[in-house]
Amino acid sequence: MRPHLPRALRWVGLPIALVVLAGQPALAAPSLDQRMGIAEGFRNAGAMADIQAGWERVILPWDQVQPDGPGDFSHLGITMSDTQLQSELDRGEHVVGLFEFTPGWAQANPDDGKRSPPKNLDLPVDDPNNYWARFVSETAKRYAGRIDDWIVWNEPEFHPGDPGAGGSFTWLGTDEQFAQLLKVGYMAIKQANPNAHVSFPGTSYWVDALNNRPQFYDRLLAILARDPNAANNNFYHDVVSLNLYRAPDDIYRVYSIVKAIQNQHGIDTPVWLTETNAMPSDDSAVSCPHSNTPIATTMQEQANYAVQAFALAAAAGYQRWEFYQMTDQNPCSEPAVWGLTRDDGSRRPVSSALKTAVSEFAGYTAVHFVPFVREAQDWAPWPDEPTSLIPNWEVYQVAFDKPGNERVTALWNGDGSGLRVRIRKNGTSATLLDRDGNARPAQESQGWWVVDLPGATAHYPQDPAGYHFIGGEPQLLVEESVSPAAPVAEPALGDPGSAPREFRLFLNPLDGQTVSAGEPADFFVNVRGEEGFADPVSFTIDHWSTQRFPQPQGPGSLPLQVTLPGPVAPGQTGTVHIETAGAGPGIYFVDVVATGGGMSKDIQLALVID
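Here the structure is a predicted model, which means the values were calculated and not measured.

### Some words on the overall build of the protein chain
Next up, step 1: Regarding its fold elements, the protein chain presents ten helices and 29 strands.
Next up, step 2: Computed over C-alpha atoms, the radius of gyration of the protein chain comes to 26 Å, within 12% of the 25 Å expected from 2.2 N^0.38 for 610 residues, which places it in the range of a compact globule.
Next up, step 3: If you line up the protein chain on its principal axes, its C-alpha atoms span 85 × 60 × 45 Å.
Next up, step 4: Counting all 610 residues of the protein chain, 57% fall into the buried class.
Next up, step 5: Carbon and sulfur atoms form 49% of the exposed surface of the protein chain, whose accessible area is close to 22500 Å².
Next up, step 6: In the protein chain, 41 positive and 72 negative side-chain charges are present, and the distance between their average locations comes to 3 Å.

### Quick notes on the sheet that holds strand 22 (residues 502–508)
Next up, step 1: One open sheet holds the four strands; their spatial order is 22-24-27-26, and the pairing between them is antiparallel. The open sheet has two free edges, formed respectively by strand 22 and strand 26 (561–563), since each of these has just one partner strand. Recorded for the sheet is a direction-independent mean angle of 20 degrees between the axes of neighbouring strands.
Next up, step 2: Alignment of strand 26 against strand 27 (residues 573–579), held across three bridges, turns out to be antiparallel. Bridging across to strand 27, V562 finds its partner in I578.

### Notes on the sheet that holds strand 19 (residues 448–453)
Next up, step 1: If you trace the four strands from one edge of the open sheet to the other, you get 18-19-15-21, paired in antiparallel fashion. Two strands in the sheet have a free side with no partner beyond their single neighbour: strand 18 (443–445) and strand 21 (492–493).

### Considerations on the packing of aromatic side chains
Next up, step 1: Evaluated as defined, the whole model comprises 35 aromatic pairs.
Next up, step 2: An angle of 85 degrees between the planes, with centres 6.2 Å apart, marks the rings of F99 and W132 as edge-to-face. With F99 in strand 5 (residues 94–100) and W132 in helix 4 (residues 131–143), this pair connects stretches of sequence that are 33 residues apart. There is no split in this pair, since F99 and W132 are both buried.
Next up, step 3: Residues W544 and Y588 carry aromatic rings whose centres are separated by 6.4 Å and whose planes lie at 25 degrees to one another, so their mutual orientation is stacked. Taken as a pair, W544 in strand 25 (residues 538–546) and Y588 in strand 28 (residues 586–596) lie far apart in primary sequence, 44 residues in all.
Next up, step 4: Looking at W544, the relative accessible area reads 7%, which means it is buried.
Next up, step 5: Across from the ring centre of Y364, 3.8 Å away, lies the NZ or CZ of R35, which sits over that ring.

### Overview of empty space enclosed by the protein
Empty pockets left among the atoms are what a rolling probe the size of a water molecule brings to light.
Next up, step 1: A volume near 80 Å³ is recorded for the largest cavity.
Next up, step 2: Around the largest cavity, the lining residues are T203, Y205, Q215, Y217, V240, S241, L242, V254, I257, V258 and I261.
Next up, step 3: Looking at the lining of the largest cavity, the elements that each hand over two or more residues are strand 8 (239–243) and helix 8 (248–264).
Next up, step 4: The element that contributes the greatest number of residues to the lining of the largest cavity is helix 8, accounting for four residues.
Next up, step 5: Split into classes, the residues belonging to the lining of the largest cavity amount to eight nonpolar, three polar and no charged.

### Observations concerning the nonpolar core
Next up, step 1: Ranked by internal contacts, the top residues of the largest apolar core, which has 116 residues, are W132, W150, Y318, W321, F361, V398 and F400.
Next up, step 2: The element contributing the most residues to this core is helix 9 (residues 299–316), with twelve residues.
Next up, step 3: Sequence-distant contacts of W150, defined by excluding residues within four places in its chain, comprise L60, G97, L98, F99, T139, A140, Y143, I189, A196, H197, V198 and S199.

### Examining the packing of helix 5 (residues 175–192) against helix 7 (residues 216–224)
Next up, step 1: Packing of helix 5 against helix 7 brings their axes to within 10 Å, and their N-to-C directions diverge by 75 degrees. Judged by the angle between their axes, helix 5 and helix 7 are roughly perpendicular. For the pair helix 5 and helix 7, contact is made by D175, E176, F178, A179 and L182 and by F216, R219, L220, I223 and L224, respectively.
Next up, step 2: When its residues are assigned to classes, the contact of helix 5 with helix 7 shows seven nonpolar, no polar and three charged.

### Details of unusual backbone geometry
Next up, step 1: Of the consecutive residues Y324 and Q325, the connecting peptide bond is found in the cis state with omega at 5 degrees.
Next up, step 2: Along the polypeptide, Q325 turns up in the loop between strand 10 (320–323) and helix 10 (349–361).
Next up, step 3: Cis geometry is found at the peptide bond from N508 to P509, where omega equals 0 degrees.
Next up, step 4: By the secondary structure assignment, P509 is in the loop between strand 22 and strand 23 (513–515).
Next up, step 5: Even without a glycine there, the phi angle at F235 is positive, about 55 degrees.
Next up, step 6: By relative accessible area, F235 is classed as buried at 10%.
Next up, step 7: Backbone geometry places H290, a non-glycine residue, at a positive phi of 55 degrees.
Next up, step 8: Relative to the helices and strands, H290 is located in the loop between strand 9 (271–275) and helix 9.

### Quick look at the packing of helix 8 against helix 9
Next up, step 1: Here helix 8 crosses helix 9 at 15 degrees, and the two axes come no closer than 8 Å. Taken together, helix 8 and helix 9 sit at an angle that is classed as roughly parallel. When you trace helix 8 past helix 9, the crossing you get is right-handed. Within the contact between the two elements, helix 8 uses P248, D249, I251, Y252 and Y255 and helix 9 uses Y305, Q308, A309, L312, A313, A315 and A316.

### Digging into the confidence of the model for the protein chain
Next up, step 1: Mean pLDDT for the protein chain: 93, with 94% of residues reaching 70 or above.
Next up, step 2: Counting interchain partners and residues more than four positions distant, the pLDDT-below-50 stretch residues 1–17 has 93 contacts.
Next up, step 3: Residue range residues 24–29 is modelled with pLDDT below 50. Its contacts to residues more than four positions away, or to other chains, number 16 contacts.

### Some details on the side chain of N243
Next up, step 1: If you trace the backbone, N243 turns up in strand 8.
Next up, step 2: A relative accessible area of 0% means that N243 is categorised as buried.
Next up, step 3: Among the polar contacts listed, one links the side chain of N243 to the side chain of N154, at a separation of 3.0 Å.

Parameters at a glance
Residues numbered from 1 in each chain as written. Predicted model: local features only at pLDDT ≥ 70, side-chain atom pairs only at ≥ 80, totals over all residues. Heavy atoms only, no water. Helix = DSSP H or I, 4+ residues; strand = E, 2+ residues; numbered from the N terminus. Rg over C-alpha atoms; globule rule 2.2 N^0.38 Å. Buried < 20%, exposed > 50% of the residue type's maximum accessible area, 1.4 Å probe, protein only. Areas by Shrake-Rupley, 256 points an atom, 1.4 Å probe, with all protein chains shown as cover. Lys, Arg positive; Asp, Glu negative; His and termini not counted. Charge placed at Lys NZ, Arg CZ, Asp CG, Glu CD. Pairing = 2+ DSSP bridges. Axes fitted to C-alpha atoms, helices over the stretch in contact; angles between N-to-C directions. Phe/Tyr/Trp six-rings, centres within 6.5 Å; stacked < 30°, edge-to-face > 60°. Lys NZ or Arg CZ within 6 Å of the ring centre and 35° of its normal. 1 Å grid on protein atoms, 1.4 Å probe; cavity = no way out; pocket = protein on both sides within 12 Å on 5 of 7 lines; lining within 4 Å. Points joined across faces, edges and corners; volume = space filled by probe spheres on them. Nonpolar A, V, L, I, M, F, W, Y, C, P; charged D, E, K, R; others polar. Core = buried A, V, L, I, M, F, W, Y, C linked by side-chain atoms within 4.5 Å. Contact = heavy atoms within 4.5 Å. Parallel < 35°, antiparallel > 145°, perpendicular 65-115°, else oblique. Left-handed = near helix turned anticlockwise from the far one by under 90°. pLDDT = per-residue confidence, 0-100. Polar contact = N/O pair within 3.5 Å; in protein donor to acceptor, adjacent residues only side chain to side chain.

What follows is the structure, given as structure tokens:
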């Protein structure tokens, strides 16, 4: 398991073959895609304009805005002046504000400093002595029409001394007190600006996971469910935010965990990725490069991460996502090297990588994630094993459909050695871009685009051999004249003609499984098409037997209740569900025939019932 090192040293889904339709208007005046952003981009406006990121989160620390009392708003521009804000808005940026930290005069527990809950949180929202309500209400009112999206606090789930937290924490109140803070903040902001949207605080996922706690989001929703007015007020949030670092796979996987939590509580709100980065440890151009970080990361790996993170955020279904952050703000006083740019304005390689990603992904109308899964399973992979932390994707493929019948496909390699892959040709012509946007003609052969993918280098020693938490340098295939209805097929390895045209089956678990009497069991069958095989594959039970009675018997006498998947397209995974109620103990063998494209293949499911 990789350790999570939140903000101090950060490392830090849905079915495969996922298609996500864009739910937000893609473009904003003048021409920026407001789904992709950079935190505090205004700190280097030139770089922000060059990259063309469309939104940015800006922190308004309450303790600095009102250091002396509730009536003083003279420090409101301490983070971003009105002139800077207007400049960002004029360029088409969408600005999101974040509130956190309690000033001394408003602290309920002064010994806890700015991490203390505010005084008088239980007073009515319109009571001037409810200092928190008054602050967020007045601020939301002053910025209405310029900043209409607000995030209430950041990472309140961290506890002092949490393993993996790196000593970072922002909240010392209880979960119940935070639920009240969120409720009051939501109601006060909405009263001040009915057009405002309020986000649940950005949480890291990993701190709670590593400390064996239910997720903070889950805990807060359980508390809020006791409030009779919560359901009528969206459980006091319109959006939920996440902060995820180091591994692009986490961006995809953890999204599905958040949506599962929402489903359990009967809600469905958009998800934002408000912080993501893979901070480098090899930048000799700064005085404090943090070269002793436990998870060494090069600037080249950081640049690879940025493209992969933005692609998988789109594929997962985030409404917005952004890189944290624009500038370092003195690495010697920070726990990591954060910036796209150094404090002197010079840019790291990640800057040009993000420019390429934003330029090529902007305006997409649908996104398809169809990876190539490794044939070998050297670890129990997610999502087949829901408790696993890592998938088994060898080649990553995220395809963006764009206006004008253009398709941009981001490809990268999860293996340590270079791979030659081929993509079924859908367009009339194509250009291949490297991570920095340098273009060359795509290589076409026998109806395929052939692409060479560099090997990955980012491996954490405690991860399984062969798994890389950041993939190799991504390549972008830009195809013209592609019908939006053209399917996105699974990539294939090697040159055209290197394998026969057929389908192959990959069963998980391959060696069977054991359940107690009456418990269900699931087997997963991944269908892989070779050399352009694209026919759906159907499944039927041929016969069954047991270890005690090995003579094959017809499916009509099978004491197990087996539900087979419907037709499965290549690149997708079907589930075989087995109910064991009424079946006696023993070792059962169920032989299944898969048929498609005029050919058939057999698989055998082995199930032990204790």
